[in-house]
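Architecture and fold: a report
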Amino acid sequence: MCRHLAYLGPALPLARLLFDAPHSLERQSYAPQDMRAGGTVNVDGYGVGWFPGPVRYRRAGTLWSDANLRQLAATESTAFLAAVRSATVGMPVADAACAPFTDGTWLFSHNGRVDGWPHTVAGLAKTLDVTDLLTMDAPTDSALLWAVLSRRLETGKNPDQVLVELVREVADAAPKSRLNFLLTNGKVLVGTTWTHALWVLVQGQSVTLASEPLDDDPGWREIPDRHVVTAAPSTVEVRPL
Ligand code: GLN
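Conventions used here
Numbers given for residues are sequential positions, taken from 1 along each chain in its written order. pLDDT decides what is reported in this predicted model: residues at 70 or higher carry local features, side-chain atom pairs at 80 or more are listed and counted, and totals for whole chains, interfaces and linings draw on all residues regardless. Side-chain calculation: all heavy atoms of the structure are included, whereas hydrogens and water are not. Think of it this way: any DSSP run of H or I at least four residues long counts as a helix, any run of E at least two long counts as a strand, and we number them from the N terminus. To form a nonpolar core, buried Ala, Val, Leu, Ile, Met, Phe, Trp, Tyr and Cys residues must be joined to one another through side-chain atoms within 4.5 Å. Under the scheme applied here, a residue whose accessible area is under 20% of the maximum for its type counts as buried, over 50% as exposed, and between as partly exposed, the area being computed with a 1.4 Å probe on protein chains only. Residue contacts are defined here by distance: any two heavy atoms, one from each residue, within 4.5 Å place the two residues in contact. A helix is expected to reach a length of 1.5 Å times the quantity of its residues less one. Two strands are said to pair when DSSP picks up at least two bridges between them. For salt bridges, the criterion is a side-chain nitrogen of Lys or Arg within 4 Å of an Asp or Glu carboxyl oxygen.

All right, on to unusual backbone geometry then. Omega for the bond connecting Phe-51 with Pro-52 falls within 30 degrees of zero, at 0°, which places this linkage in the cis form. Mapped onto the elements of the fold, Pro-52 is located in the loop between strand S2 (45-51) and strand S3 (55-60). Here the residue pair Trp-117 and Pro-118 is connected by a cis peptide bond, since its omega of 0° sits within 30 degrees of zero. Note that Pro-118 resides in the loop between strand S6 (107-113) and helix H4 (122-125). Despite not being glycine, Thr-195 has its phi angle at roughly 100°, a positive value. Following the sequence through the fold, Thr-195 ends up in the loop between strand S8 (189-193) and strand S9 (199-203).

This is the structure:
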């Protein structure tokens, strides 16, 4: 499955986590260490979104061969979210299928798959307007989840509550799904674990969430499975889902 990460804190070049860290996102694209039988490498696409903005850049293909991204990654940001993609079997490989997804306020990533796609979530899709369905980024599970989630975030409900409800709903409809989400608006990070790993590192005023630790800092803590983590620079709250 995919690998993703999100950062919140003092301004940092994107490159620090994307390319420079010993187990950077680039390295996790070709040598991930904890895929849990969900694929072997993450070479179908990649993307990064950062604040202020959010500005979002995403492409199909391999992260390491994009010279433009290397230049862009010099950008310093106080909040960003990035992902590398291993396309689920049967799903298209295209720029628009890559995370992060955005509505101009939020950035979202899904690491996993909806079991029994698309039949198991046809009911969920029916809750959307036809226009939303016709303008979905891509015909993929992640893009559908984002279309549903972004509408719900517009209601102003707590982001962690909206995320938890979506996990429960999809897990009820398709119990073998893998539902590991990351979501940020540049002020708060929310993540869920549902089958795949997620780690958190707090360092001074910064917080990083990542599928796999980016270095050997002893401060990395694993979020237990089936939990939700809500993080701001000075607080990290972890609750069972
Ligand atoms: N199912 C999603 C996709 O195909 C996410 C894939 C993943 O986590 N590997 O894009």
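From this point, the narrative continues.
Generally speaking, soluble globular proteins have nonpolar side chains that are buried together. If you look at the biggest cluster of nonpolar residues, it comprises 37 residues, and the most contacted ones within it are Leu-149 and Leu-183. Residue assignment for this core shows that the elements contributing at least two residues are H4, helix H6 (141-153), helix H7 (159-173) and strand S7 (178-184). Among the elements that make up this core, the one with the highest residue count is H6 (eight residues). Not counting chain neighbours up to four residues away, the residues in contact with Leu-183 comprise Leu-81, Trp-106, Leu-107, Phe-108, Trp-146, Leu-149, Leu-153, Pro-159, Leu-163, Val-188, Leu-189 and Val-190. Core analysis: the next-biggest nonpolar cluster, separate from the first, contains 24 residues, Tyr-7, Leu-17, Val-48 and Tyr-57 among them.

In this section: H6. Over its 13 residues, H6 extends 18 Å from the first C-alpha to the last, a length consistent with the 18 Å expected when each residue adds 1.5 Å. Counting buried positions over the 13 residues of H6 gives 11, a clear majority of the element. Looking at H6, one finds that the buried residues are Asp-141, Ser-142, Ala-143, Leu-144, Leu-145, Trp-146, Ala-147, Val-148, Leu-149, Ser-150 and Leu-153.

Here we come to the sheet that holds strand S11 (residues 221-222). Taken in spatial order, the seven strands line up as S3-S2-S4-S1-S10-S9-S11 in an open sheet, and their pairing is antiparallel. Either end of the sheet is taken by a strand with one partner, and the two such strands are S3 and S11. For S2 and S3, the ladder comprises six bridges, and the chain directions are antiparallel. Within the sheet, the bridge partner assigned to Trp-50 lies in S3 and is Val-55.

Next up on the list: the pattern of salt bridges. For the structure shown, the criterion picks out 11 salt bridges. Glu-26 is paired through a salt bridge with Arg-70; the nearest N and O atoms lie 2.7 Å apart. Of this pair, Glu-26 sits in helix H2 (residues 25-30) while Arg-70 sits in helix H3 (residues 67-72); the two residues are 44 residues apart in sequence, bridging distant segments of the chain. According to the relative accessible area criterion, Glu-26 is buried, its value standing at 12%. The closest approach of N and O atoms between Arg-152 and Glu-169, which form a salt bridge, is 2.9 Å. With Arg-152 in helix H6 and Glu-169 in helix H7, the pair connects residues that are 17 residues apart, well separated along the chain. For Glu-169, a relative accessible area of 31% corresponds to the partly exposed category.

Spatial relationships are all this shows, so hold off on functional conclusions.
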